[in-house]
Amino acid sequence: MTHTVEDDVFAVRVSGSLDHDSAPLLEEACALAEDSGVRRTVVDLSLTDFADSTVLHVLLAAQRAHHRQQRELIVAGPFHEVVRRLFDVTGTAGYFTLADDMADALKS
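What counts as what
- All residue numbers refer to positions counted from 1 along the written sequence of the respective chain.
- Reporting of local features is limited, given that this is a predicted model, to residues whose pLDDT is at least 70; pairs of side-chain atoms are given and counted only at 80 or more, and all residues count toward the totals for whole chains, interfaces and linings.
- Neither water nor hydrogens contribute to the side-chain values; these are computed over all heavy atoms in the structure.
- For every element, the axis is a line fit to its C-alpha atoms; helices are fit only across the contacting stretch, and the angle between N-to-C directions ranges from 0 to 180 degrees.
- Each helix corresponds to a stretch of at least 4 residues labelled H or I by DSSP, and each strand to a stretch of at least 2 residues labelled E; elements are numbered beginning at the N terminus.
- We call two directions roughly parallel when the angle between them is under 35 degrees, roughly antiparallel when it is over 145, roughly perpendicular when it lies between 65 and 115, and oblique otherwise.
- Residues are treated as being in contact if the distance between any of their heavy atoms lies within 4.5 Å.
- Note on residue classes: Ala, Val, Leu, Ile, Met, Phe, Trp, Tyr, Cys and Pro are nonpolar, Asp, Glu, Lys and Arg are charged, and everything else, Gly too, is polar.
- To form a nonpolar core, buried Ala, Val, Leu, Ile, Met, Phe, Trp, Tyr and Cys residues must be joined to one another through side-chain atoms within 4.5 Å.
- Burial classes: relative accessible area under 20% of the type maximum marks a residue as buried, over 50% as exposed, and values in between as partly exposed (1.4 Å probe, protein chains only).
- What the arc measures is the spread of directions leading from the helix axis to the C-beta atoms.
- Only when DSSP finds a minimum of two bridges between them are two strands counted as paired.

Student: Just to check I follow, could you spell out the packing of helix H2 (residues 53–68) against helix H3 (residues 81–90) for this structure?
Tutor: The geometry of a pair of packed helices is captured by two quantities: the angle between their axes and the separation between those axes. Taken N-terminus to C-terminus, the directions of H2 and H3 make an angle of 70°; their axes are 11 Å apart at the nearest point. The orientation of H2 with respect to H3, classified from their angle, is roughly perpendicular. Seen from H2, the contacting residues are Ser-53, Leu-56 and Leu-59; seen from H3, they are Leu-86, Phe-87 and Thr-90. Taken together, the residues of the contact of H2 with H3 sort by class into four nonpolar, two polar and no charged.

And the structure:
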């Protein structure tokens with residue numbers, strides 16, 4: 001997991017599997033984004049091949065925090081089938097701004 005600030009966007013790039021063990025890293029990156037003062041955060045899940053409900057809770061909490069600060073959180077793909085299914089099965093896709101890829105997320 002890496003994070004950078006580029007053109008007023010805090011970008012969090014995640015690769016591999018996201019689960020209970022790695023969720024705190026995502027939580028930490030999202031907290032850094034919230035404290036950064038930039039107007040938009042993009043969480044890039046294009047290289048993530050697995051995500052569980054723990055990660056979903058982290059993303060939902062980050063979404064609420066960004067909303068309270070009147071800032072934007074975008075979750076970018078393209079999404080692995082397992083990750084897409086997590087959003088679809090839980091009915092949470094509508095709670096996020098989802099972008100097809102990082103380029104689309106940066107255009108928003």
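Moving on, there is more to tell.
Student: I would appreciate a short explanation of the nonpolar core in the present structure.
Tutor: Across soluble globular proteins, nonpolar side chains show a tendency to be buried alongside one another. Core analysis: the largest hydrophobic core is formed by 26 residues, its most contacted members being Leu-26, Val-43, Leu-45, Leu-59 and Phe-87. For this core, the secondary-structure elements that each account for two or more residues are strand S2 (9–18), helix H1 (23–36), strand S3 (40–51), H2, strand S4 (72–76) and H3. Considering every element that reaches this core, the biggest residue donor is H2, with six residues. Those residues in contact with Val-43, other than ones at most four positions away along the chain, are Val-12, Val-14, Leu-26, Leu-59, Leu-73, Ile-74, Val-75 and Ala-76. Counting eight residues, the second largest nonpolar core, distinct from the first, contains Val-9, Ala-76, Ala-99 and Met-102.

Student: Sorry, what's going on with unusual backbone geometry here?
Tutor: For the bond from Gly-77 to Pro-78, the omega torsion is 10°, close enough to zero to count as cis. Relative to the elements of secondary structure, Pro-78 occurs in the loop between S4 and H3. Look at Asp-7: it is not a glycine, yet its phi comes out positive at around 50°. Summarising the element assignment, Asp-7 is placed in the loop between strand S1 (2–6) and S2.

Student: Explain H3 to me, please; I cannot follow it from the model alone.
Tutor: For an α-helix the count is 3.6 residues per turn, leaving residues at separations of three or four pointing the same way. What H3 keeps buried is the set Val-83, Leu-86 and Phe-87. One face of H3 carries all of its buried residues, which in axial projection span an arc of 90°. What points out from H3, more than 90 degrees from its buried face, is the exposed set Glu-81 and Val-89. The inward-facing, buried residues of H3 contact S3, H2 and S4.

Student: Is there a simple way to think about the pairing of S2 in this case?
Tutor: As defined by bridge partners, S1 adjoins S2 across five bridges and the pair is classed as antiparallel. Across the sheet, the residue bridging to His-3 is Val-12, located in S2. Between the antiparallel neighbours S1 and S2 lie two residues, among them Asp-7 with a positive phi of about 50°. Direction of pairing for S2 relative to S3: parallel, over a ladder of nine bridges.

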